[in-house]
Amino acid sequence: METVTITKAEYDNLVGERARLERQVEYLLEQMRLSRHRQFGASSEKSEYDLTQLNLFNEVEVMAMPEQPEPELVEVEKHYRKKRSATDRLPEDLPVEIIEYTLSEDEQVCCECGCALHVMGYESRRELKIIPAQASIVEHRRAVYSCRHCEQTDIRVPIRKAEVPKPVISGSFASPEAVAHIMNQKFVMSVPLYRQEQEFQRDDILLSRQTMSNWLLKAAEDWLEPVYNRMKEQLLEQDVLHADETTLQVLREPGKTAQSKSYMWLYRTSGCAEHPIVLYDYQLSRKAEHPKQFLEGWSGYLHADGYDGYHKLPERIAVVGCWAHLRRKFDEALKIVPEKGREASLAFIGKRYCDRLFALEHEFEDLPPEQRFEKRIESSKPLMEEFFAWADLCGAAPKSAVGKAAYYARSQRKYLEKYLLDGRLEFSNNRAERSVKPFVIGRKNWLFANTPRGAKASAVIYSLIETAKENGLKPYDYLTHIFRAAPNLDLHDTEQLDALLPNYFKTGAGA
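The following paragraphs examine the structure supplied in this document. On a predicted model such as this, the values are computed, not experimentally measured, just so you know.

A separate point is the packing of aromatic side chains. Tallying each qualifying case throughout the model produces 21 aromatic pairs. When the centroid spacing of 5.2 Å and the interplanar angle of 55 degrees are considered together, the rings of Phe387 and Phe388 count as tilted. The pair formed by Phe387 and Phe388 is uniform in burial state, with each residue classed as buried. Looking at Lys232, its charged tip hangs above the ring of Phe294, at a distance of 4.3 Å from the centre. Just above the ring of Tyr307 sits the side chain of Arg286; from NZ or CZ to the centre is 3.8 Å.

And the structure:
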């Protein structure tokens, strides 16, 4: 065996190179495990650690629900079993169609004595009957009146016509119900227009997707956009808002290729608002100028994720960070740690801090804002400061998943701490993420917008539909109401325009 002599400097270089290669191998293995988990693993961020670790010593207090009655016991053969609570129920306001089954007169005779039988009661069962969408033609006939006497005795004959409501689209056979149905199918049920076209054809109705597109664009621009603009005015009167954004492909965007990304921004009210408002805003890019323009003149608290574009907004807008985004990073780091070593890992410690803070927020959620503020200062603030102290000293490798999570925590600290400033503020931006999700689901079905005009119309339609849903309204009923009422109103009159807002329709005044 030949011995090679090297200098101390060369030895140190070799040791350093080996350490570098080991870190690189570990990083690549980590990325491979993370990629495999994203492709094949569960997407849920919940884990077995969330409750068992946090509530190990107060399990009885946490899990007990004194107000919940014990399940009813039913006898099954020779043992007892807890009766399952019903999850399906039929609405009480549905019309009931009764079908009676009776004996014929010849059969209403007692088999014992031959006397006549009488009805002593009924046995009944109930079924849910579903009728597919039905189409009919509505013909608006307006009576035209003239004077017989003037026809015979005068040169000039007065003509009078009965009042008739204006159509939703002039020169078209579109009805308020038809336009609302097509919108509901595409933007609530995520059914693309070409599939709606096929469904109409099966019912012998020849309605092309081009015609349906024209109806949606015209109705959105004429009747929904004024309502959208009014809702934006009311949105900007709030002190606390949420924002998020997601991608959108627009095929015929001037100056851009069909494959390039455009963006759909979302702004919505927070949980403290009396009437929820959700607004989408289509823009060409993800630049900070777009939220700056949308929120022009507004000041308050804005919940957002860690995207740097929000941090470039004017100082009058205080950006509140999202702890759900931070927790997600520790959760991803934990999932790629071998199972045997998870509870001793840095990722587990970081995630556990986040879980404990989330548990406190769950405990405070029903409190008034003033009491929530006090409880956060008393309980959440010390725990949060302890977490940031740990994040500063945890010593995770910078390029590792947990190292990136710790860096994210340190770099976003001033935004993550903002929720302590006001009891109305929320711990995460999940509210905005939930509101943008219907658009993301719809995008998977219709894939892209054809033109910027269509993308803008989609933003307006989604805004009214999601706002209606947040206010407990059925989107179809609400859209039908607008398309019936709006053509006959002066939408430049704020009082008349307000009659079309979801909160007005919700009270029954607009129904």
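Attention shifts here to helix α7 (residues 209–235). Under the 1.5 Å per step criterion, the end-to-end length of α7 is only 34 Å for 27 residues, more than 12% shorter than the ideal 39 Å. Remark: the principal bend of α7, roughly 50 degrees, maps to Leu224, with a proline, Pro226, within the next four residues.

Now for the environment of Glu225. Within the element layout of this structure, Glu225 appears in helix α7. Residue contacts for Glu225: discarding those within four places in its chain leaves Ala220, Lys456 and Val460.

Moving on: the packing of helix α5 (residues 176–187) against helix α6 (residues 193–202). The interhelical angle for the contact between α5 and α6, taken along N-to-C directions, is 130 degrees, at an axis separation of 10 Å. On the basis of their axis angle, the class for α5 and α6 is oblique. Where α5 crosses over α6, the handedness of that crossing is right-handed. Contacts from His181, Ile182, Gln185 and Lys186 in α5 reach Leu193, Gln196 and Phe200 in α6. Each residue belonging to the contact of α5 with α6 can be placed in one class, and the counts come to three nonpolar, three polar and one charged.

Tracing the sequence through the fold places Ser380 in helix α12 (residues 369–393). If near-sequence neighbours (up to four positions away) are discounted, Ser380 is found in contact with Leu357, Leu360, Glu361, Phe364, Lys375, Tyr419 and Leu420.

Moving on: the sheet that holds strand β6 (residues 262–269). If you walk across this open sheet you meet the five strands as β7-β6-β5-β8-β9, and the pairing is mixed. Both edges of this open sheet fall to β7 (278–283) and β9 (317–320), since each of them pairs with a single strand only. Neighbour to neighbour, the strand axes of the sheet diverge by 30 degrees on average, direction disregarded. Sheet topology places strand β5 (residues 240–248) next to strand β8 (residues 300–303); three bridges connect them, and they run parallel.

It is worth spelling out unusual backbone geometry at this point. The backbone of Ser190 shows a phi angle near 60 degrees, a positive value even though the residue is not glycine. Look at Leu447: it is not a glycine, yet its phi comes out positive at around 70 degrees.

The rules we used
- Residues numbered from 1 in each chain as written.
- Predicted model: local features only at pLDDT ≥ 70, side-chain atom pairs only at ≥ 80, totals over all residues.
- Heavy atoms only, no water.
- Phe/Tyr/Trp six-rings, centres within 6.5 Å; stacked < 30°, edge-to-face > 60°.
- Buried < 20%, exposed > 50% of the residue type's maximum accessible area, 1.4 Å probe, protein only.
- Lys NZ or Arg CZ within 6 Å of the ring centre and 35° of its normal.
- Helix = DSSP H or I, 4+ residues; strand = E, 2+ residues; numbered from the N terminus.
- Expected span 1.5 Å × (residues − 1).
- Bend = angle between axes of the 7 residues up to and from the residue.
- Contact = heavy atoms within 4.5 Å.
- Axes fitted to C-alpha atoms, helices over the stretch in contact; angles between N-to-C directions.
- Parallel < 35°, antiparallel > 145°, perpendicular 65-115°, else oblique.
- Left-handed = near helix turned anticlockwise from the far one by under 90°.
- Nonpolar A, V, L, I, M, F, W, Y, C, P; charged D, E, K, R; others polar.
- Pairing = 2+ DSSP bridges.

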